[in-house]
Each structure stands twice: as structure tokens, then as C-alpha cells.
Amino acid sequence: MSLHRLFQLSSLLRSAVGLTLRRNIGLSAVIFNKAKDMDPVQKLFLDKIRDYTNKSKAAGGIVDAGPSFQKNMNEEVSKLQRLYGGGDLNKFPEFKFTDPKLDDVAK
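We now turn to the structure provided with this report. Computed from a prediction, not measured in an experiment: that's the story for all the values here. (Residues numbered from 1 in each chain as written. Predicted model: local features only at pLDDT ≥ 70, side-chain atom pairs only at ≥ 80, totals over all residues. Heavy atoms only, no water.)

**Looking at the pattern of salt bridges**
Turning to step 1, where the next piece is worked out: Evaluated as defined, the whole model comprises five salt bridges.
Turning to step 2, where the next piece is worked out: Across the pair Arg50 and Asp47 runs a salt bridge whose closest N-O atoms are separated by 3.8 Å. Placement of the pair is Arg50 and Asp47 together in helix α2 (residues 40-59), with a separation of three residues, close to one helical turn.
Turning to step 3, where the next piece is worked out: Glu94 is paired through a salt bridge with Lys91; the nearest N and O atoms lie 3.6 Å apart. (Salt bridge = Lys/Arg side-chain N within 4 Å of Asp/Glu carboxyl O. Helix = DSSP H or I, 4+ residues; strand = E, 2+ residues; numbered from the N terminus.)

Right, dumping it as C-alpha cells:
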């Protein structure tokens with residue numbers, strides 16, 4: 001009987017160790033792939049995003065937005081203000097939640 005339990009414990013231990021090793025090997029593969037040089041397409045994509053970020057900071061907003069864009073933007077903002085009762089649409093609304101008064105429970 002104890003020999004049977006020993007084999008069960010051995011099998012359980014073997015499967016747990018195997019699972020741990022598989023997970024660690026999978027994690028190691030991800031880390032090693034990050035360390036390698038990037039794919040040229042990924043590098044180009046990241047370079048374009050960084051370039052747009054720099055241009056956006058320099059322009060102080062949307063890059064290459066002409067006067068027609070600003071006109072359309074102002075029209076849309078005024079429509080939204082009419083629909084939803086005005087207010088600053090560039091600011092996140094503030095919510096105030098209050099706890100309701102609860103009745104005492106008799107013991």
C-alpha cells in the first residue's frame with residue numbers, strides 16, 4: 001500500500017516539476033526575444049510613433065491640422081454643448097457620491 005502511495009507522490013512531483021520547467025522555459029524564450037534586435041517593421045513603426053510624438057509636442061496639438069480642421073472641431077464642440085447643456089467638454093466631469101441614510105436595525 002505504501003509503495004503505491006510513493007509511486008503516486010512521485011508521479012505528482014514529476015508532473016509539478018515538469019510544469020514548472022515548461023513555464024520557466026517559455027518565460028525565458030520571451031525574455032531572450034526581447035533582448036534581440038527588433039524586427040525592421042516594428043522598428044519603423046516605433047520610430048514613426050516617436051516622430052509623431054515629437055511633432056505633436058512641438059505643434060501643441062494635432063500635427064498638420066489646418067484651419068478647416070479647427071473650424072470643424074469648433075462646430076462639433078458647439079453642437080455637443082447645445083445637446084448636453086454646455087459646460088467645459090475638455091474637462092472630465094466630477095462626480096459626487098453620497099451614502100444614503102440607512103435605518104437602524106433593531107436587534
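More follows now that the structure is in view.
**Here's the deal with unusual backbone geometry**
Turning to step 1, where the next piece is worked out: Despite not being glycine, Asp64 has its phi angle at roughly 55°, a positive value.
Turning to step 2, where the next piece is worked out: Mapped onto the secondary structure, Asp64 falls in the loop between α2 and α3 (67-84).

**Topic: α3**
Turning to step 1, where the next piece is worked out: Taking 1.5 Å of rise per residue, 18 residues should cover 26 Å, and α3 covers 26 Å from first to last C-alpha, within 8% of that figure.
Turning to step 2, where the next piece is worked out: Note on α3: the residue one or two positions beyond its end, Gly85, has a positive phi of about 80°. (Expected span 1.5 Å × (residues − 1).)

**Observations concerning α2**
Turning to step 1, where the next piece is worked out: The end-to-end C-alpha separation of α2 is 28 Å, in line with the 28 Å expected for 20 residues at 1.5 Å each.
Turning to step 2, where the next piece is worked out: Positive phi appears at Gly60, one or two residues downstream of α2, with a value of about 75°.

**Quick word on the packing of aromatic side chains**
Turning to step 1, where the next piece is worked out: For the coordinates displayed, the defined rule picks out two aromatic pairs.
Turning to step 2, where the next piece is worked out: Ring centres 6.3 Å apart and planes at 75° place the aromatic pair Phe92 and Phe95 in the edge-to-face group. With respect to class, Phe92 is no different from Phe95; both count as exposed.
Turning to step 3, where the next piece is worked out: On the basis of an interplanar angle of 20° and a centroid distance of 6.3 Å, the ring pair of Phe95 and Phe97 is categorised as stacked.
Turning to step 4, where the next piece is worked out: For Phe95, a relative accessible area of 57% translates into the label exposed.
Turning to step 5, where the next piece is worked out: Owing to a relative accessible area of 77%, Phe97 belongs among the exposed residues under this scheme.
Turning to step 6, where the next piece is worked out: Every member of this aromatic cluster is reached through a ring pair, and the members are Phe92, Phe95 and Phe97. (Phe/Tyr/Trp six-rings, centres within 6.5 Å; stacked < 30°, edge-to-face > 60°. Buried < 20%, exposed > 50% of the residue type's maximum accessible area, 1.4 Å probe, protein only.)

**What about a nonpolar patch on the surface?**
Turning to step 1, where the next piece is worked out: A grouping of Tyr52, Ile62, Phe69 and Met73 is seen on the molecular surface, where their side chains present a nonpolar patch of about 370 Å² in accessible area.
Turning to step 2, where the next piece is worked out: Within the fold, Ile62 resides in the loop between α2 and α3.
Turning to step 3, where the next piece is worked out: Given the relative accessible area of 47%, Ile62 is considered partly exposed. (Patch = residues over 30% accessible without salt bridge, like charges linked within 9 Å, V, L, I, M, F, W, Y side chains within 5 Å. Areas by Shrake-Rupley, 256 points an atom, 1.4 Å probe, with all protein chains shown as cover.)

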